[in-house]
Amino acid sequence: MTSQPEQRSPVPRRAVLGTALGGAAAAALPGTAHAEQQPSVATGARGRPWKLRDTMTTDGAWDRFLRGQDLLWSKLPTLWYEGPFLGDGLLGSMIYQEPGANKIRFTVQHGRVQDHRPEFGSGWGTARLPVGHLTLEPAGTVTAVDWRLSLWNAELTGTVTTTAGTLTLAALIHDEVLAVRATAHGGEQVTWTFHPEEAISPRKIQESPPAGYTANPPWTERTSADGTEQVLQPLTGGGQTATSYRRNGDELLLSVGHSFPSDTAAEADSRRNLRRAGSYGTLRRRHTRWWHAFYQKSFVSFPDQRLQSFHWIQLYKVACASRADGPVMATPGPWLEPTPWPAVWWNLNVQLEYWLIHAFNHPELDALATTLRQNQEQLTANVPAAYRSDSSGIGRSSDMFAVREVGQPGTGAETGDLTWALHNVWLSYRHSMDKSLLRDTIYPVLRRAINYYLHFLTPGSDGKLHLPSTLSPEYPVVPPQDTNYDLALIRWGCQTLLDSAQLLGIDDESKPRWQEVLARLTPYPVDDNGFMIGADTPYAQSHRHYSHLLMVYPLYLVNWDQPENRDLITKSVVRWHALTGAHRGYSYTGAASMYAMTGDGDTAIGYLRKFFDPTTRYPCRANTHYTEAGPVIETPLSASQSLHDMFCQSWGGIVRVFPAVPTAWADLTLHNFRTQGAFLVSAVRKAGTTRFIRIRSLAGEPLKLRHGLTSPLTVLLDDGTPARTHDLGDGTLAIDLPRGREVLVHSGSRPDLVIAPVAVSEPGAAWGLP
């Protein structure tokens, strides 16, 4: 084993909090427009006032654009990963053929429905539990379907053709109510049946229950005076799940409630949801108002039709699966199917699930930050009793309340997952600059997570601090010490605590210790192939996870703006993918994002396309979902983040516009793309050239822009006056942009400042089964 050459400061300390995620800008990215240049900037006389002309301001424009991204079906899907899916962040439904029957299944699952027996672990004792499913049972044999899942309206509509006639269908989910409208024509008829499912962990497909586990009691059914049907599911560990449904003419409304520790509250909750919904039409009006406002917070368009559609479907998907006031996403999302993973996985899955919400400008979907804020006492209880006075952690998987003990360094345990999850919350802070998030969640929880590590760091004969044996997630060999996964998280955590304390005005007594750790922590173990798994543990067998490369992505501690590290980054990523066999979908999305950091958009898109290649073992599925041994929601969502990384990056305190756009994508439009520093970026690329960049500051943070434009530059504030700028070299410009103001940057004469969809140059089939 060798070690990375020691640097004076692995993560340089800075006074500006916004630069803690990477090094200072050093050199321009190769293969992009960011060539070394010293641009001149227009100054002096007041310019003409300017304003963007946004063509995406009407419902009609959005309806037309998103209609081109819709999923379509001309044949009946037979599997969950082929069919339409609906959700509201809590209740979820997949629609596909009832296995082995001439029926159409509407699954009924809910993100809050779980068991409450932690003594049996997250796979069984606190697992997400099935609720049931509806079946639509036509009189004739189904011969065809014509379905559209409208993204704009978040609604499934279409027809079912049978040997007896036709059924016209519409369905949506809103406010924890599944609303379905089915109308029969010809000799058809509408018959609905609800099928409760056994309240047992879906993990039963892989293994038997643990010793001592007893089944939950059977459900009971009853009908109220108003015709509402209820299925009541008591739980051995306390709590209740209640499903209420009623039919009125062609309409059926269904709601699920879950309560704990109350054994009865779910009944009232589910009935109240039905009363509040009213009718399909009433609920639909509220539903479409929410979704129409939701989409208009940001816009992106690029010329690859199938990928563009996929990208917008992921935004729809994450909004179906998560809301800030709901539970953190489990690995299957709210669409529970047979799976070994009916819980929240903290060693990669939950992190990848939430990355895309930032650039899409949807902080209201961030249930991860909410979960860590609300469950701080549980995070403390997860560490061994001897360390609870000052430490917190979480094990590999948990329920929605973060219930899972964490092992300790020295035993080969996986210990860094809470710190990595806090990096997501840090990204939420950086994209919003909401200081309360920093003060109330990140600082106190990260302080305790890093304290847990500090109990185990010990000096070696080399004078460096070393960490005893810990696991690099999913790698089968446990290093004897100094696992790179944890070293990267310790470095990031200590630097972030120092920066956060400064910003919050806290004179923390632990500050000298954090500084000491940054100065003395052992360098990352490396060998001739790049980053190792850990000390004396080379990367020697195929590994789907990039846990050993966390310092490169997403932490950016070792990054492309550090010329001395470029060779190390390159050979590490090449080596990671040279050993094939274990790679899965997120192996390709991770590599795509790493190459996007280097500015190599063509290699990045090449890796991303592997995720969509049907000849790979685990490709993206027909409805854009993904499965290995069961549903795994994070991988498609991370593919959208890979696209974001090609379009715009903001690590290291620099906003990089179009840093890694594939050569084939000559045209690209971004609008209100949110970056770190709480900036909203709008930019248009035509014929392979950036035409203009508009940035709005939401928080008044320092703006450093790597623009990719040629000299001379025009930089104007929204009233037409020249902005104060400073050329930082390497194609980077510092711009004085007060909070609430906008700046326009372009070269040459003023271009048309139009935000509009770009023309498709790479046609592709719709998702679904068109």
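One can find the structure itself at the top, above this paragraph.
Residues numbered from 1 in each chain as written. Predicted model: local features only at pLDDT ≥ 70, side-chain atom pairs only at ≥ 80, totals over all residues. Heavy atoms only, no water.

Trainee: Please clarify how the overall build of the chain should be interpreted in this entry.
Mentor: Each helix and strand counted, the chain has 17 helices and 35 strands in total. Since a compact globule built from 770 residues should have a radius of gyration of about 27 Å, the 26 Å found for the chain is in line with a globular shape. Principal-axis analysis of the C-alpha atoms places the extent of the chain at approximately 75 × 65 × 50 Å. Taking all 770 residues of the chain together, 63% fall into the buried category. In the chain, the share of contacts with a sequence separation of at least 24, taken over all contacts with a separation of at least 6, comes to 68%. Summed over all atoms, the accessible surface of the chain reaches about 25,700 Å², with 49% contributed by carbon and sulfur. Both charge centroids of the chain, one from 70 positive and one from 73 negative side chains, sit 5 Å from each other. (Helix = DSSP H or I, 4+ residues; strand = E, 2+ residues; numbered from the N terminus. Rg over C-alpha atoms; globule rule 2.2 N^0.38 Å. Buried < 20%, exposed > 50% of the residue type's maximum accessible area, 1.4 Å probe, protein only. Contact = heavy atoms within 4.5 Å. Areas by Shrake-Rupley, 256 points an atom, 1.4 Å probe, with all protein chains shown as cover. Lys, Arg positive; Asp, Glu negative; His and termini not counted. Charge placed at Lys NZ, Arg CZ, Asp CG, Glu CD.)

Trainee: Looking at this model, I keep getting lost on the environment of leucine 149. Mind explaining?
Mentor: With respect to the helices and strands, leucine 149 occurs in strand S8 (residues 142-150). For leucine 149 and alanine 664, which are 515 residues apart along the polypeptide, the C-alpha to C-alpha distance reads 29 Å. Contacts of leucine 149, omitting those with residues within four sequence positions, involve Asp70, Leu71, Trp73, Pro84, Phe85, Leu86, Glu155, Leu156 and Tyr316.

Trainee: Would you mind showing me how to read the sheet that holds strand S26 (residues 668-675) here?
Mentor: Paired through their backbone hydrogen bonds, the strands of a sheet run either parallel or antiparallel. Pairing within the open sheet is antiparallel, and its six strands lie in the order S17-S26-S27-S28-S33-S30. If you trace the sheet from one side to the other, it starts and ends with strand S17 (299-301) and strand S30 (713-717), each paired once. Put simply, the sheet's adjacent strands are angled 20° from each other on average, direction ignored. The pairing of S30 with strand S33 (residues 742-747) spans five bridges and is classified as antiparallel. Within S33, the residue paired with leucine 716 across the bridge is leucine 744. (Pairing = 2+ DSSP bridges. Axes fitted to C-alpha atoms, helices over the stretch in contact; angles between N-to-C directions.)

Trainee: Looking at this structure, I do not really get unusual backbone geometry. What am I missing?
Mentor: Among all residues save glycine, negative phi is the norm, and among peptide bonds the norm is trans. Cis geometry is adopted by the peptide bond preceding proline 554, which originates at tyrosine 553 and carries an omega value of 10°. Tracing the backbone shows proline 554 in the loop between strand S23 (530-531) and helix H14 (566-578). Residue proline 712 is bonded to the preceding serine 711 through a cis peptide linkage, with omega at -5°. Tracing the backbone through its elements, the reader meets proline 712 in the loop between strand S29 (703-706) and S30. Phi at asparagine 361 is positive, roughly 70°, even though this residue is not glycine. Looking at the element boundaries, asparagine 361 is found in the loop between helix H7 (356-359) and helix H8 (367-374). Residue classification places asparagine 361 among the buried positions, given a relative accessible area of 5%.

Trainee: Help me out: how do you make sense of the side chain of glutamine 305 in this one?
Mentor: Mapping glutamine 305 onto the fold places it in helix H5 (residues 305-321). With near-sequence residues (within four places) excluded, glutamine 305 lies in contact with Gly68, Gln69, Val760, Glu762, Pro763 and Gly764.

Trainee: What is the right way to read the side chain of serine 309 from this model?
Mentor: Tracing the chain through its elements places serine 309 in helix H5. Accessibility expressed as a relative area gives 3% for serine 309, which makes it buried.

That's the geometry; what it means functionally is another story.
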